[in-house]
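Working through the structure, step by step
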Amino acid sequence: MVQRREPTARHMRLGIELRRLREAAGLTAVEAAALLGANRVQMSHIESGLVGVSEERVRRLASHYACTDKEFIDALVAMATDRTRGWWEEYRGLLPTSFLDLAELDHHAAFLQEVAILYVPGLLQTEDYARAVFSARVPELTDNELELRVSHRMRRQQATIPYELVIHESALRIRVSDRAASRAQLAKLLELSEADGISIRVIPFDLDGFARAASAMTYAGGQVPKLDTVVRDVPQGSAFIDSEAQLGAFRTRFRKVETVSLAPGRSRDFIDRLAKEL
């Protein structure tokens, strides 16, 4: 087994799920390794995503772990056998790994649900808006680093999957650049809100009792619900959350935030009115 120098978030997620199945079955890493004719170190590498694992081994482990969820096992096999080399690999070594992991997550997601409080999400940003956001980074980026990030963000927008956004009025009003850039950004949101598979809902300032101002998140649907992922921004980049209990909490959080937002039609009218005010 060839060891990977830099496992992706998807590689690591497969390993995490295999470890969870093993632990649920009450087996040690040594006992599981013996089922594959491997040793404890090799098993550790599999469960950390440092080495690949074949379809036959995934199914053998699932059988010994008494996992009977066929859809889940098939999804794990798909992760193990996927050889996709996406466009984001062109940026490996040029951008932090979290940028590549986000693009890979987009590519494999069944749907995306996003809550935005202070910024228009990257998947919907204009180039000028994205450049202004990255330009505000501390420490400052070099011109080359800045352009790489903007280029990557624009290419991420090629993803075509069902997308639901709930965005707070504050994100629509904050001018990350100048008036013209803000007007162009609102125009893009209006255009995208009419596109197939995209839903944009606004939370206005005058909503009473909105105590979820820290709810910004991206919820990515997996091939099966057990493989869903939540992404949250952290100082070091992006944090990927995948425990079943936390996923359930974030599903509930999205539903509650969505419930208090304006319907898509009223949201379009709201954004149009803001654009005309600029």
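One structure accompanies this document, and this report is about it. (Residues numbered from 1 in each chain as written. Predicted model: local features only at pLDDT ≥ 70, side-chain atom pairs only at ≥ 80, totals over all residues. Heavy atoms only, no water.)

**Concerning the packing of aromatic side chains**
Counting across every chain of the model gives four aromatic pairs. Their ring planes at 85° and their centres at 6.0 Å tell us that Trp-87 and Tyr-91 sit as a pair that is edge-to-face. Each member of the pair, Trp-87 as well as Tyr-91, is classed as buried. Ring plane angle 35° and centroid distance 6.2 Å describe the contact between Phe-99 and Phe-134, whose orientation is recorded as tilted. In this pair, Phe-99 sits in helix H6 (residues 97–108) while Phe-134 sits in helix H7 (residues 127–135), placing the two residues 35 residues apart along the sequence. Residue Phe-99 shares its accessibility class with Phe-134, and that shared class is buried. Across from the ring centre of Phe-72, 4.8 Å away, lies the NZ or CZ of Lys-226, which sits over that ring. (Phe/Tyr/Trp six-rings, centres within 6.5 Å; stacked < 30°, edge-to-face > 60°. Buried < 20%, exposed > 50% of the residue type's maximum accessible area, 1.4 Å probe, protein only. Helix = DSSP H or I, 4+ residues; strand = E, 2+ residues; numbered from the N terminus. Lys NZ or Arg CZ within 6 Å of the ring centre and 35° of its normal.)

**Concerning the pairing of strand E5 (residues 229–234)**
Pairing between strand E4 (residues 217–221) and E5: three bridges, direction antiparallel. Each bridged residue has a counterpart across the sheet, and for Ala-220 the counterpart in E5 is Thr-229. Here five bridges tie E5 to strand E6 (residues 237–241), and the two strands are oriented antiparallel to one another. The residue bridging Val-230 from the neighbouring strand is Ile-241, located in E6. (Pairing = 2+ DSSP bridges.)

**Focus: the packing of helix H2 (residues 29–36) against helix H4 (residues 55–64)**
Put simply, H2 and H4 touch, their axes get as near as 10 Å, and they point 130° apart. Overall, the two elements H2 and H4 adopt an arrangement that is oblique. Relative to H4, the crossing made by H2 is right-handed. On the side of H2, the interface is formed by Ala-32, Leu-35 and Leu-36, while H4 contributes Arg-57, Arg-60, Leu-61 and His-64. Taken together, the residues of the contact of H2 with H4 break down into four nonpolar, one polar and two charged. (Axes fitted to C-alpha atoms, helices over the stretch in contact; angles between N-to-C directions. Parallel < 35°, antiparallel > 145°, perpendicular 65-115°, else oblique. Left-handed = near helix turned anticlockwise from the far one by under 90°. Contact = heavy atoms within 4.5 Å. Nonpolar A, V, L, I, M, F, W, Y, C, P; charged D, E, K, R; others polar.)

**Comments concerning empty space enclosed by the protein**
Under the definition given, this model contains one cavity of 30 Å³ or more. Taken as a whole, the largest cavity holds about 60 Å³ of empty space. Forming the walls of the largest cavity are Val-120, Tyr-129, Ala-171, Leu-172, Ile-174, Ser-182, Gln-185, Leu-186 and Leu-189. Within the residue set of the lining of the largest cavity, elements represented by two or more residues are helix H9 (169–173) and helix H10 (179–193). Considering only residue class, the lining of the largest cavity consists of seven nonpolar, two polar and no charged. (1 Å grid on protein atoms, 1.4 Å probe; cavity = no way out; pocket = protein on both sides within 12 Å on 5 of 7 lines; lining within 4 Å. Points joined across faces, edges and corners; volume = space filled by probe spheres on them.)

**Topic: the layout of surface pockets**
Empty space within the largest pocket amounts to approximately 1,200 Å³. Lining the largest pocket are 36 residues, with Tyr-119, Arg-153, Asp-233, Gly-237 and Ser-238 sitting closest to its centre. Put simply, the parts of the chain that give the lining of the largest pocket at least two residues each are H6, strand E1 (111–116), H7, helix H8 (143–156), E4, E5 and E6. Roughly 580 Å³ of internal volume is contained in the second largest pocket. Here the lining of the second largest pocket gets five residues from one element, more than from any other, and that element is helix H1 (residues 9–24).

**Considering H4**
Note that an α-helix has 3.6 residues per turn; residues three or four places apart therefore point the same way. Taken together, the buried positions of H4 are Val-58, Leu-61 and Ala-62. In an axial view of H4, the angular spread of the buried residues amounts to 100°, which keeps them on one side of the axis. Tucked into the core, H4 has its buried residues touching H2, helix H3 (40–47) and helix H5 (70–81). Within two residues after H4, Ala-66 carries a phi angle of roughly 60°, on the positive side. (Arc of directions from axis to C-beta.)

**A look at the nonpolar core**
Ranked by internal contacts, the top residues of the largest apolar core, which has 27 residues, are Leu-124, Ile-167, Leu-172, Leu-189 and Ile-271. Only H6, E1, strand E2 (163–168), H9, H10, strand E3 (198–203) and helix H12 (264–277) provide two or more residues apiece to this core. Leave out the neighbours within four places in its chain, and Ile-271 touches Leu-172, Leu-186, Leu-189, Leu-190, Ile-200 and Val-202. Formed by 26 residues, the second largest nonpolar core is a distinct cluster that contains Leu-61, Cys-67, Phe-72 and Val-224. (Core = buried A, V, L, I, M, F, W, Y, C linked by side-chain atoms within 4.5 Å.)

So yeah, pure geometry; function would need other evidence.
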